[in-house]
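Okay, here's what each chain looks like letter by letter:
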Amino acid sequence: MPGILVYALHDDEGNFNKNSLGAISAASKLAAELGGEAGAVVVGDISDDACAGLGTYGAAKVYRAKDVPEGLAQPIVDVMAKVIGDDGYGYALFGGGLLGFEIGAGLTARLGAGVTMEVTEVKVADGKLVAERPILQDSQIADVGYVAEPGIIIGRLNAFDIDESGSGAAEVTDVSVELSPWSTKASMVERGEQRGADVNIEDADILVGGGRGLGEADGFKLCEELAESMGGAVAATRAVVDAGWYPYAAQIGQTGKTVAPKLYLAAGISGAIQHKVGMQNSENILAINKDPNAPIFEFSDLGVVGDLNKIVPKLTEAIKAKKAG
Ligand SMILES: Cc1cc2nc3c(=O)[nH]c(=O)nc-3n(C[C@H](O)[C@H](O)[C@H](O)COP(=O)(O)OP(=O)(O)OC[C@H]3O[C@@H](n4cnc5c(N)ncnc54)[C@H](O)[C@@H]3O)c2cc1C
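This text gives an overview of the structure that appears in the document.

Criteria and thresholds
- Residues numbered from 1 in each chain as written.
- Predicted model: local features only at pLDDT ≥ 70, side-chain atom pairs only at ≥ 80, totals over all residues.
- Heavy atoms only, no water.
- Pairing = 2+ DSSP bridges.
- Helix = DSSP H or I, 4+ residues; strand = E, 2+ residues; numbered from the N terminus.
- Axes fitted to C-alpha atoms, helices over the stretch in contact; angles between N-to-C directions.
- Buried < 20%, exposed > 50% of the residue type's maximum accessible area, 1.4 Å probe, protein only.
- Polar contact = N/O pair within 3.5 Å; in protein donor to acceptor, adjacent residues only side chain to side chain.
- Parallel < 35°, antiparallel > 145°, perpendicular 65-115°, else oblique.
- Left-handed = near helix turned anticlockwise from the far one by under 90°.
- Contact = heavy atoms within 4.5 Å.
- Near = heavy atom within 4 Å.
- Areas by Shrake-Rupley, 256 points an atom, 1.4 Å probe, with all protein chains shown as cover.
- Nonpolar A, V, L, I, M, F, W, Y, C, P; charged D, E, K, R; others polar.
- Salt bridge = Lys/Arg side-chain N within 4 Å of Asp/Glu carboxyl O.

### A closer look at the sheet that holds strand S15 (residues 302–305)
Spatial ordering of the open sheet is given by S12-S11-S13-S14-S15, a layout of five strands whose pairing is parallel. Unpaired on one side and paired on the other, strand S12 (233–236) and S15 mark the two borders of the sheet. For this sheet, the mean inter-axis angle between neighbouring strands, taken without regard to orientation, is 20°. Pairing geometry for strand S14 (residues 284–289) and S15, over four bridges, is parallel. Note on S15: the bridge partner recorded for Ala-287 is Gly-303.

Listed below in structure tokens is the structure:
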């Protein structure tokens, strides 16, 4: 069947993550072009209404595995592999993010499928999906096609826009899946929050990124106050994460998370390529750096040359004053 299966990640309260909703929206449009449907896999005890509500984003069917835990990749690979096997989906599409990457890679290995990662766009050519993947430090785009089904496509985080124009409620089916022995070897002990991670940085519209220019771990207070004044979250470079100044959950870049907020404000960040790849899709980039030749200015929409210790507190004060009156 020329259908596309998506995994819909949710938090403990059952709210679906916007990255997944974007993937469902993209899958729905592409499946329609292929003459098929988009299906979504949901794990955990999520209500009928919440599952059916995925129809708003274009899901025709929702496969709910109530007893399967959220948060670990292998059990979800089991569920997706069964649904693909039973209902013959031609493709699986993931919106990216750490769990999406892990499930997508696991599903690829399980099914012996072809996979494309870091995809920014998907199109239909000759009745098949073709994934567009930036290569050579994003200077070129490669078109990647599939010689056999199923094909696995893993997008960059938030690469796919959310579209709420789906018609009607999705049909919800409960699936029962026997988990593979290795899938139950790990169990979720606790899902906790770390300092700076109380807002999921992958979902935040506003991010204040802090780098080595903050001088010390305590320098992050400046970023936290600024982020709080704007209702945003705090992100970090690898240099400061490695130095123990901020948790890994906040790291942006090649070996961290990929984000695409409306505003990314970089304070004391040089703009190394490994950091850039994680935040270059931000709608607006504002950089504060004392070095006028810092590479970050080459891809910023607005650059402020100066000492962040003077600029950031003034900016926070000004935003608070504007909000107050
Ligand atoms: C394989 C590999 C993977 C990597 N993965 C990642 C990754 O995922 N994410 C990542 O971020 N990095 C990653 N890196 C590291 C990356 O190469 C850079 O070293 C790192 O991003 C630099 O962090 P930074 O900008 O905080 O520090 P620096 O490069 O030291 O920059 C600090 C900046 O602060 C400015 N500054 C100093 N004081 C002030 C002040 N008072 N006011 C204003 N500005 C000031 C300086 O001018 C400078 O530009 C990786 C590297 C490798 C080799």
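### Thoughts on the side chain of His-10
Counting through the fold element by element, His-10 comes out in the loop between strand S1 (4–7) and helix H1 (18–34). Owing to a relative accessible area of 7%, His-10 belongs among the buried residues under this scheme. Here Val-43 takes part through its backbone oxygen, which lies 2.6 Å from a polar atom of the side chain of His-10.

### Observations regarding the packing of helix H5 (residues 220–230) against helix H8 (residues 308–324)
Running from N to C, H5 and H8 cross one another at 20°; their axes reach a closest spacing of 9 Å. Taken together, the axes of H5 and H8 are roughly parallel relative to one another. Judged by the sense of rotation from one axis to the other, the crossing of H5 with H8 is left-handed. Touching Leu-222, Glu-225, Leu-226, Ser-229 and Met-230 of H5 are Leu-308, Asn-309, Val-312, Pro-313, Leu-315, Thr-316, Ile-319, Lys-320 and Lys-323, all from H8.

### As for unusual backbone geometry
Glu-149 connects to Pro-150 through a cis peptide bond whose omega is 0°. Take Pro-150: it is sitting in the loop between strand S8 (140–144) and strand S9 (151–155). Despite not being glycine, Glu-118 shows a phi value in the positive range, around 60°. Tracing the chain through its elements places Glu-118 in strand S5 (residues 114–119). You will see that Asp-126, though not glycine, has its phi angle at about 50°, which is positive. Here Asp-126 shows up in the loop between strand S6 (121–125) and strand S7 (128–135). Residue class for Asp-126 comes out exposed when judged on its relative accessible area of 80%.

### Focus on the environment of Ile-273
Within the fold, Ile-273 resides in helix H7 (residues 273–279). Ile-273 sits in the partly exposed class, given a relative accessible area of 32%. Spatially, the C-alpha atom of Ile-273 lies 8.4 Å from that of Gly-253, the residues being 20 residues apart in sequence.

### As for the site of the ligand
What surrounds the ligand is a group of 25 residues, the closest being Arg-212, Thr-237, Thr-255, Ser-270 and Asn-289. The side chain of Ser-270 places a nitrogen or oxygen atom 2.7 Å from an oxygen atom of the ligand. Expressed as a share of its isolated accessible area of 990 Å², the protein-covered part of the ligand is 75%. Going through the elements one at a time, helix H6 (238–242), H7 and H8 are the ones with two or more residues in the shell around the ligand. Residue composition of the shell around the ligand, by class: five nonpolar, 15 polar and five charged.

### Thoughts on the pattern of salt bridges
Inspection of the entire model under this criterion finds twelve salt bridges. Salt-bridge contacts for Lys-29 lead to Asp-163; the nearest nitrogen and oxygen are separated by 3.4 Å. In this pair, Lys-29 is assigned in helix H1 and Asp-163 in the loop between S9 and strand S10 (171–174), connecting sequence segments 134 residues apart. Linking Glu-118 and Arg-156 is a salt bridge whose minimum nitrogen-to-oxygen distance equals 2.8 Å. Of this pair, Glu-118 sits in strand S5 while Arg-156 sits in the loop between S9 and S10; the two residues are 38 residues apart in sequence, bridging distant segments of the chain. Among the charged side chains, a salt-bridge network with shared partners connects Lys-18, Asp-205 and Lys-262.

Everything listed is a geometric property; what it means functionally is a separate question.
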